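Survey of secondary and tertiary structure
The lines below spell out each chain.
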Amino acid sequence: MGGDVAQRLTTLARDAVAARLATGDRAVDATVGNGHDLHFLAGAVGADGHVWGFDIQEGALCGARRRLPAHLQHRVTLLHHGHEHMGAHVAPGVAAIMFNLGYLPGGDHSVTTRVDTTIAALEAALGLLAPGGCISVLAYTGHPGGREEAQAVAAWLREQPPSCRWVLLNPEPPAARTPRLYLVSLVRQQRAPTRIGGQYPRSKSMG
Ligand SMILES: C[S@@+](CC[C@H](N)C(=O)[O-])C[C@H]1O[C@@H](n2cnc3c(N)ncnc32)[C@H](O)[C@@H]1O
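Residues numbered from 1 in each chain as written. Predicted model: local features only at pLDDT ≥ 70, side-chain atom pairs only at ≥ 80, totals over all residues.

What follows covers the overall build of the protein. Summing up its helical and strand segments, the protein has 5 helices and 7 strands in all. Counting only residues that meet the buried cut, the protein has 37% of its 207 residues in that class. Counting contacts in the protein only where the partners sit at least 6 residues apart, residues at least 24 apart contribute 75% of the total. (Helix = DSSP H or I, 4+ residues; strand = E, 2+ residues; numbered from the N terminus. Buried ≥ 20, exposed ≤ 12 C-beta atoms within 10 Å, placed from the backbone. Contact = placed C-beta atoms within 7 Å.)

Structural data, given as structure tokens:
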């Protein structure tokens, strides 16, 4: 799925997510696959944090579990369910959710993420995100169905309200097979001014 470019973008996704994660946070790996993002997340949330990982391929989950270092094992819950069901398994208030779409490298290339379940999962992810939290979405365009999926993700992002900010992290001229990496952030609400004696305080500039 794009070799060097994919490698560069997975690193970019992890760097962007790492900047938002603190120890003790809760996170979700929406597509566990070979477990590289899972490993990163489990390290980043620290000893008091936790990561929930989803994949529809049990073999992928077993491999990812096996590859996870012993000291990170207790920080991870792996679920053999589609990511579209994450809302039924994870409580809201999650700091970061990573989607690395497409097929399992080294696995069956005909088992891929799909437009309908990916969009349902993004909706669920947004519902779980803590204010200030982020979702990374790496969408590949070179495999059958990938281009349509990347377009559906872009269309979904454009429909979101202003409280959901997003940026394309690799805005180089899009070649037909270039993957797309999006970072979605849920904006923190401004705190309403405190009322004093039935009136809101007036700022100095207002006189
Ligand atoms: C590109 S791989 C993920 C790579 C992984 N993040 C890593 O770091 O190794 C995509 C994975 O998505 C999984 N997948 C496909 N449909 C899914 C769904 N509805 N829910 C969860 N995982 C799904 C595939 O089985 C595959 O393992």
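Past the structure itself, the notes keep going.
Turning next to the environment of Phe54. With respect to the secondary-structure elements, Phe54 resides in strand 2 (residues 50-54). Along the sequence, Phe54 and Leu38 sit 16 residues apart, while their C-alpha atoms lie 9.9 Å from each other. Excluding residues that lie within four positions of it along the chain, Phe54 makes contacts with Ala30, Val32, Leu79, His81, Gly82, His83 and Met86.

A separate point is the packing of helix 4 (residues 115-128) against helix 5 (residues 146-158). Viewed as axis vectors pointing N to C, helix 4 and helix 5 meet at an angle of 30 degrees, and their least axial separation amounts to 10 Å. Between helix 4 and helix 5, the angle falls in the class roughly parallel. Here the hand of the crossing between helix 4 and helix 5 comes out right-handed. For the pair formed by helix 4 and helix 5, the contact residues are Val115, Thr118, Ile119 and Leu122 on the first element and Glu148, Glu149, Ala152, Val153 and Trp156 on the second. (Axes fitted to C-alpha atoms, helices over the stretch in contact; angles between N-to-C directions. Parallel < 35°, antiparallel > 145°, perpendicular 65-115°, else oblique. Left-handed = near helix turned anticlockwise from the far one by under 90°.)

Before going further, it helps to spend a moment on the confidence of the model for the protein. Predicted coordinates in regions of low pLDDT should not be interpreted in detail. Confidence along the protein averages 90 in pLDDT terms, with 88% of residues attaining 70 or more. Overall, residues 200-207 carries pLDDT values under 50, and its contacts beyond four positions in sequence, including any with other chains, amount to 4 contacts. (pLDDT = per-residue confidence, 0-100.)

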